[in-house]
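# Architecture at a glance
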Amino acid sequence: MWFTAVARTFAFAAAFFAVVATAEAATSRIKDLASIEGVRENQLVGYGIVVGLNGTGDSLNNAPFTKQSLQAMLERMGVNTRGANMRTANVAAVMVTANLPPFSTQGTRIDVAISALGDAKSLQGGTLLVTPLMGADGEVYAIAQGALAVGGFTAKGEAASVTRGVPTSARIASGALVEREVEFKLGSMRAVRLALRNPDFTTARRIALAINDLIGVPSAEPVDPSTVRLTLPPKFNGNIVDLITDIEQLAVEPDLPAKVVIDEATGIIVMGQDVRVSTVAVAQGNLTVTVTEQPEVSQPNPLAAGQTTVVPRTQVTVDDSSKKRMAIVNQTVSLRELVDGLNALGIGPRDMITILQAIKAAGALQADIEVL
């Protein structure tokens, strides 16, 4: 009896932990569901010159902006080239882009991407000269410079050429130095707003309830499907960073509307977990028309005055797949049963797209359809 009781206890504990594990697997951290409003990246862009190319740069006659930039740069260096006939092919004009991470301080290095602006054939072996990177407000936030790392290449001979990747795009790891900080004093704020990455009323309310249960006072409230307002309670001593650190690890089960996403170009279908379909009958048949051309040559008699002609012979075959019958897709309670019911029809992804749209038109599909 004692061994039986112990065995039952262990069995109950195993079942309990299995249920807990399943429940935890369906939850996500608030850190992954929402972000702090205002804590975001800023896009930077700049115009620069790449030098050191092996004859694969811009043609100065076809890219006047490259010629003007090269002349202006040389004049700043004390070299006068006005009126000279410049034919160098080792220089290329490029656009430099980067993302300034939030809370980046002066002296921090960030990655930059370089893209050719003119008719340069490759940026392989080039070096980017000092390039200011500006934000949307026109202020300079970083300075980029360094040797380019190109992932593609081009090789060609007299009658053939090989191109791999895009040789006119490159990157410089840690190639820009941050010169200006974006002011955002998070530590002195008394309230913040959590922006949900997937707006939903239920998810916003669950996040607010989880935060209030942890703190013990009503400090969070859902404002709309995409925003939760969080007020700093007194026990955190005026530091909202401590509050964010405590709540971002809370597990919340997100809730999303039922949706079917269809990409007709590739035939991809993605269904959400809550997609349901009512009982519906579906009949699917393919109409295939095959046209075969077999031209024949008509040769006249040797003494006749006729001419040799080509007589067309056309054979048309029609297949309406009459063997297929109407099938019933029963009312489902899970995504697996819905997929099994559609697969039982023996159809491909492209026909399934049309069937799903027809089921939606009939009012039997309880989900939204989004076509990419």
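Residues numbered from 1 in each chain as written. Predicted model: local features only at pLDDT ≥ 70, side-chain atom pairs only at ≥ 80, totals over all residues. Heavy atoms only, no water.

## Some remarks on the overall build of the protein
In plain terms, the rule: Labels follow the DSSP assignment, with helices taken as runs of H or I lasting at least four residues and strands as runs of E lasting at least two, numbered in each case from the N terminus. Only heavy atoms enter the contact rule, under which two residues are in contact if any of them lie within 4.5 Å. Using the Shrake-Rupley algorithm and a 1.4 Å probe, accessible areas are obtained, with residue cover drawn only from the displayed protein chains.
Looking only at helices and strands, the protein has seven helices and 25 strands in total. A separation threshold of at least 6 residues defines the contact pool for the protein, and within that pool the share at least 24 residues apart is 69%. Element-wise, carbon and sulfur atoms account for 54% of the exposed surface of the protein, whose accessible area totals about 23,200 Å².

## Examining the side chain of serine 122
Convention followed: As used in this structure description, the phrase polar contact means that two N or O atoms lie within 3.5 Å; if the pair is within protein, one of them must be able to donate a hydrogen and the other to accept it, and residues adjacent in sequence are counted only when both atoms belong to side chains.
Relative to the helices and strands, serine 122 is located in the loop between β5 (109-116) and β6 (127-134). A polar side-chain atom of serine 122 sits 3.1 Å from the main-chain amide nitrogen of glutamine 124. When neighbours within four sequence positions are excluded, serine 122 is seen to be in contact with Leu53, Thr56, Pro167 and Thr168.

## Regarding the pairing of strand β12 (residues 220-224)
The condition that has to hold: Any two strands between which DSSP finds at least two bridges are classified as paired.
Judged from the four bridges that link them, β12 and strand β13 (residues 227-231) form a sheet pairing that is antiparallel. Within the sheet, the bridge partner assigned to proline 222 lies in β13 and is valine 228. Two successive antiparallel strands, β12 and β13, enclose a turn made up of two residues.

## Brief notes about the confidence of the model for the protein
What counts is decided by this rule: For every residue, the predictor assigns a confidence score, pLDDT, that lies between 0 and 100.
Looking at the protein, the pLDDT average stands at 81 and 82% of residues meet or exceed 70. Within the model, pLDDT remains below 50 along residues 1-25, and this stretch shows zero contacts once partners closer than five positions in the same chain are excluded.

## With respect to the sheet that holds strand β25 (residues 368-371)
Inclusion rule: As a rule, the C-alpha atoms of each element are fitted with a line to give its axis, helices using only the stretch in contact, and angles between N-to-C directions run from 0 to 180 degrees.
With mixed pairing, the three strands of this open sheet are ordered in space as β16-β15-β25. The sheet terminates laterally at β16 (268-271) and β25, the two strands that pair on one side only. Here the average twist between neighbouring strands, direction ignored, is 15°. The pairing of strand β15 (residues 259-263) with β16 spans four bridges and is classified as antiparallel. When the sheet's bridge partners are listed, valine 261 is paired in β16 with valine 270.

## Description of the layout of surface pockets
Stated precisely, the cut-off is as follows: A pocket here means an open set of points on a 1 Å grid, computed over the protein atoms alone, that has protein on both sides within 12 Å along at least five of seven lines. A cavity is instead a set of points where a 1.4 Å probe fits but cannot get out; residues with an atom within 4 Å of a point line either one. Grid points are joined across faces, edges and corners, and a volume is the space filled by probe spheres set on the points. Under the grouping applied here, Gly and all other residues not named as nonpolar or charged are polar, the nonpolar ones being Ala, Val, Leu, Ile, Met, Phe, Trp, Tyr, Cys and Pro and the charged ones Asp, Glu, Lys and Arg.
In this structure, the largest pocket encloses a volume near 330 Å³. As for the largest pocket, its lining consists of 13 residues, of which Pro254, Asp255, Leu256, Pro257 and Asp274 are closest to the centre. Partitioned by chemical class, the residues of the lining of the largest pocket number six nonpolar, three polar and four charged. When residues of the lining of the second largest pocket are traced back to their parent elements, those giving at least two are β3 (42-51), α3 (64-76) and β6. A class-by-class count of the residues in the lining of the second largest pocket yields eight nonpolar, four polar and one charged.

## With respect to the pairing of strand β10 (residues 169-178)
It is a general feature of regular strands that their side chains alternate between the two faces of the sheet. Summarising the sheet, β5 and β10 pair through six bridges and their orientation is antiparallel. Opposite isoleucine 114, over in β10, you have alanine 170 as the bridge partner. Here strand β7 (residues 140-147) runs beside β10; their pairing, made up of three bridges, is antiparallel. For isoleucine 143, the partnering residue across the bridge sits in β10 and is leucine 177.

## Considerations on the pattern of salt bridges
To keep things clear, this is the line we draw: Salt bridges are counted wherever a side-chain nitrogen of Lys or Arg sits within 4 Å of a carboxyl oxygen of Asp or Glu. Exposure categories follow from relative accessible area, calculated using a 1.4 Å probe and restricted to protein chains: below 20% of the type maximum is buried, above 50% is exposed, and the middle band is partly exposed.
Enumeration over the complete set of coordinates arrives at six salt bridges. The salt bridge involving arginine 29 is made with aspartate 32; its shortest N-O contact spans 3.0 Å. Classification of arginine 29 by relative accessible area gives partly exposed; the value is 31%. Here aspartate 32 falls in the partly exposed class, since its relative accessible area comes to 42%.

## Focus on the sheet that holds β12
Taken in spatial order, the four strands make up an open sheet running β2-β11-β13-β12, and their pairing is antiparallel. Edge positions in the open sheet fall to β2 (34-36) and β12, since each of these has one partner strand only. Between one strand and the next, the sheet's axes are offset by a mean angle of 30°, whatever the strand orientation. Contacting β11 (191-196), β12 and β13, helix α4 (residues 201-215) crosses the sheet at an angle of about 165° to β12.

## Concerning the packing of aromatic side chains
So the rule is basically this: Each aromatic pair joins two rings of Phe, Tyr and Trp (for Trp, the six-membered one) with centres within 6.5 Å, and gets the label stacked for planes under 30 degrees apart, edge-to-face for over 60, and tilted for any other angle. Any Lys NZ or Arg CZ that is within 6 Å of a ring centre and within 35 degrees of that ring's normal is treated as a charge sitting over the ring.
Applying the stated criterion to the full structure yields one aromatic pair. The ring centre of tyrosine 141 lies 5.8 Å from the NZ or CZ of arginine 180, which sits over that ring.

## Let's talk about a nonpolar patch on the surface
Selection criterion: Grouping into patches uses exposed residues only, defined as over 30% relative accessible area, and leaves out salt-bridged ones; the cut-off is 9 Å for like charges and 5 Å for nonpolar side chains (Val, Leu, Ile, Met, Phe, Trp, Tyr).
A contiguous nonpolar surface patch, about 240 Å² in accessible area, is contributed by Tyr47, Phe65 and Leu117. Considering the arrangement of structural elements, one finds phenylalanine 65 in helix α3. With relative accessibility at 31%, the residue phenylalanine 65 sits in the partly exposed group.

## Quick word on unusual backbone geometry
Even without glycine at this site, phenylalanine 103 takes up a positive phi of about 65°. Along the chain, phenylalanine 103 turns up in the loop between β4 (91-100) and β5. When its relative accessible area of 46% is taken as the criterion, phenylalanine 103 is described as partly exposed.

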